[in-house]
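Observations on chain architecture
Letter by letter, the chains look like this.
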Amino acid sequence: MVKVRWSLILLLMTAATVNAQRSNKLELTQDFVDNNLNNAIAQYHTLMERVPAGVLPRTYLKANDSLVTAKSNSWISGFYPGTLLYLYAYSQQPDLLEEAKERLKLLEKEKNNKGTHDLGFMLYCGFGNALRLTDNADYEEILLTGAESLASRYNPTVKCIRSWDHNGDKWKFPVIIDNMMNLEFLNWASRVSGNPKYAEISKTHANTTLKNHFRADNSSYHVIDYDSETGAVRNKHTHQGADHESAWARGQAWGLYGYTLMYRDTKDKAYLNQAIKIADFILGNPNLPEDKVPYWDYSVAPGADVPRDASAAAITASALLELSGMAKGSKSTRYLRAAEQMLTSLSSPSYKAPIGTNGGFILTHSTGNFPSKSEIDVPLSYADYYYVEALMRYRQLMAN
Ligand code: GLY
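Residues numbered from 1 in each chain as written. Predicted model: local features only at pLDDT ≥ 70, side-chain atom pairs only at ≥ 80, totals over all residues. Heavy atoms only, no water.

All right, on to the overall build of the protein then. Along its length, the protein carries 14 helices and nine strands. When its C-alpha atoms are laid out on the principal axes, the protein stretches across 55 × 50 × 50 Å. Burial analysis of the protein (400 residues in total) assigns 62% to the buried set. At a minimum sequence separation of 6, the contacts of the protein that also span at least 24 residues come to 67%. Accessible area for the protein stands at about 14900 Å²; split by element, carbon and sulfur atoms hold 51% of it. Charge centroids of the protein, computed over 42 positive and 42 negative side chains, lie 4 Å from each other. (Helix = DSSP H or I, 4+ residues; strand = E, 2+ residues; numbered from the N terminus. Buried < 20%, exposed > 50% of the residue type's maximum accessible area, 1.4 Å probe, protein only. Contact = heavy atoms within 4.5 Å. Areas by Shrake-Rupley, 256 points an atom, 1.4 Å probe, with all protein chains shown as cover. Lys, Arg positive; Asp, Glu negative; His and termini not counted. Charge placed at Lys NZ, Arg CZ, Asp CG, Glu CD.)

Right under this line is the structure:
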């Protein structure tokens, strides 16, 4: 128990973060956090009963009461075991750990998957949490093998990790902002293996992304297409947003989270400054609704029939809780208050499903891929993961 608590402190907040947070009064209560984590556990028991063996839950279709699942090679495969492990860390309920371990067995083979950049999501969210909570050395081997697979996608001319492979003639070497979420995994691999290669790739990728992905207003493109032979930028696109010049909401959240974690791991002020710029773009955006749960794209005019993206709010809230501990003065307070408001909104009946409904997912109203007409206004496994992570981070702040 003591070991678990200490591991979580290391996981969730650096000492500097904790010190900076002490100057801000926390406005959410212990009851709020406990009630919502207990609610999440009850909901995940519903989900656990519904998920068939051999697959991972992705979303739920209310119209025909059907759970949509994915195989281990989907980018979302790590979120279900990862959420179970956060809930186990909170409750110590053994069935949550057992279910997570069963699903992780399905994911192990992905450590050899060199055909995707999504290994941070697929492996680190699940096995990373499992290693911290159980110290099972097998998980370390799986993660280190996976980090090597991910590193195989790095191109030293482009100075980035390649995102997608199958894109016809559209892109030559696409790099998406989501790719920043892999860097925590690579930084971990260097710390554990002693091989600096992974952290060097991580820093170089973050630097190239910082140079090419952002616009003058600090919003980011989704896809930068590079020439793999020269490293030149060929196209700046936004594939999952409203148009190429729009600010896709989840993309902004990935960038915010990515530069925040890069500052945590490197202490390079350039990353902190970038995270602050992204946070200020998000929070200052006139299209951010009063409840701070964004529409699916910040560039789309607000309206009652425009879908929200609760997953973007959950990722943003989790990142802002950490960034609040790194930023100073009024910015620190602003980020904390915004995260608190996001968590309050997500935990209200407007976004949180009653226990036993929603297929067992915690949150409603996320948007997966609006331009492809896919997963619009639905629950999504990654919305739940980052929501529970944010609650766990908040709980850690309360304990300090
Ligand atoms: N990484 C895929 C997405 O955010 O939709």
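Attention shifts here to the side chain of Arg250. Along the chain, Arg250 turns up in helix H10 (residues 249-266). For Arg250, a relative accessible area of 1% corresponds to the buried category. One polar contact links Arg250 to Tyr382, side chain to side chain, over a distance of 3.5 Å. Other than its neighbours up to four places away in sequence, Arg250 contacts Gln240, Asp309, Ser311, Ala312, Ile315, Thr367, Gly368 and Tyr382. (Polar contact = N/O pair within 3.5 Å; in protein donor to acceptor, adjacent residues only side chain to side chain.)

For the rest of this paragraph, the subject is the packing of aromatic side chains. According to the stated counting rule, one finds 23 aromatic pairs in the structure shown. Geometrically, the ring pair formed by Trp75 and Tyr382 is tilted, given 4.5 Å between the ring centres and 45° between the ring planes. Taken together, the positions of Trp75 in the loop between strand S2 (66-70) and helix H4 (79-91) and Tyr382 in helix H14 (residues 381-399) put the pair 307 residues apart, joining distant regions of the chain. Residues Phe281 and Tyr298 carry aromatic rings whose centres are separated by 6.1 Å and whose planes lie at 80° to one another, so their mutual orientation is edge-to-face. Residue Phe281 is found in helix H11 (residues 269-283), and its partner Tyr298 is found in the loop between H11 and helix H12 (310-324); the two are separated by 17 residues along the sequence. Aromatic ring contacts, followed pair by pair, group Trp75, Phe79, Tyr86, Phe121, Trp254, Tyr257, Tyr382, Tyr385 and Tyr386 into a single cluster. (Phe/Tyr/Trp six-rings, centres within 6.5 Å; stacked < 30°, edge-to-face > 60°.)

Before going further, it helps to examine the site of the ligand. Lining the immediate environment of the ligand, one finds Trp75, Asp178, Gln240, Trp248, Arg250 and Trp254. Measuring from an oxygen atom of the ligand, one finds a side-chain N or O atom of Gln240 at 2.9 Å. In this structure, Trp254 approaches the ligand through a side-chain N or O atom, which is 3.0 Å from an oxygen atom. Across the complex, the protein chains shield 92% of the 200 Å² of accessible surface that the ligand would expose by itself. Taken together, the residues of the shell around the ligand break down into three nonpolar, one polar and two charged. (Near = heavy atom within 4 Å. Nonpolar A, V, L, I, M, F, W, Y, C, P; charged D, E, K, R; others polar.)

A side chain with one charge can pair with a side chain of the opposite charge if their charged atoms come near. What the rule picks out here adds up to 25 salt bridges. The partner of Asp265 in a salt bridge is Arg191, and the shortest N-O contact between them spans 3.6 Å. With a gap of 74 residues between them, Asp265 in helix H10 and Arg191 in helix H8 (residues 183-193) connect regions that are remote in the sequence. A relative accessible area of 24% means that Asp265 is categorised as partly exposed. For Asp280, the salt bridge goes to Lys331, with nearest N and O atoms at 2.6 Å. Taken together, the positions of Asp280 in helix H11 and Lys331 in helix H13 (residues 329-346) put the pair 51 residues apart, joining distant regions of the chain. For Lys331, a relative accessible area of 32% translates into the label partly exposed. (Salt bridge = Lys/Arg side-chain N within 4 Å of Asp/Glu carboxyl O.)

As a further point, take the side chain of Thr83. Among the secondary structure elements, Thr83 is positioned in helix H4. Residue Thr83 is classed as buried on the basis of its relative accessible area of 0%. When residues no more than four places from it in sequence are discounted, the contact partners of Thr83 are Tyr44, Asp384, Tyr385 and Val388.

In this structure, Leu320, Leu323 and Tyr386 are the most contacted members of the largest nonpolar core, which totals 122 residues. In contact with Leu323, not counting residues within four places along its chain, are Leu256, Thr260, Leu272, Ala275, Ile276, Ala279 and Tyr335. Core analysis: the next-biggest nonpolar cluster, separate from the first, contains seven residues, Cys160, Val175, Ile224 and Tyr226 among them. (Core = buried A, V, L, I, M, F, W, Y, C linked by side-chain atoms within 4.5 Å.)

Turning our eyes to something else, we now look at the pairing of strand S1 (residues 56-61). In terms of strand pairing, S1 meets S2 through five bridges, oriented antiparallel. The residue of S2 that forms the bridge with Thr59 is Val68. Two successive antiparallel strands, S1 and S2, enclose a turn made up of four residues, where Asp65 displays a positive phi of approximately 50°. (Pairing = 2+ DSSP bridges.)

Another aspect to go through is the packing of helix H7 (residues 137-151) against H8. Relative orientation of the contacting elements H7 and H8 amounts to 120°, with a least axis distance of 10 Å. The angle between H7 and H8 places the two elements in the oblique class. The hand of the H7/H8 crossing is left-handed. In this structure, H7 uses Glu140, Leu143, Leu144, Gly146, Ala147 and Leu150 to contact H8, whose residues at the interface are Phe185, Leu186, Trp188, Ala189, Val192 and Ser193. Looking at the contact of H7 with H8 residue by residue, the class counts come to nine nonpolar, two polar and one charged. (Axes fitted to C-alpha atoms, helices over the stretch in contact; angles between N-to-C directions. Parallel < 35°, antiparallel > 145°, perpendicular 65-115°, else oblique. Left-handed = near helix turned anticlockwise from the far one by under 90°.)

As a further point, take the packing of H10 against H11. Between H10 and H11, the shortest axis-to-axis distance is 8 Å and the interhelical angle comes to 155°. Put simply, H10 runs roughly antiparallel to H11. Like other packed secondary-structure pairs, H10 and H11 cross with a definite hand, here left-handed. Every residue of H11 that contacts H10 at Gln252, Gly255, Leu256, Tyr259, Thr260, Met262, Tyr263 and Thr266 is listed here: Lys269, Tyr271, Leu272, Gln274, Ala275, Ile278, Ala279, Phe281 and Ile282.

Geometric values such as these leave the question of function open.
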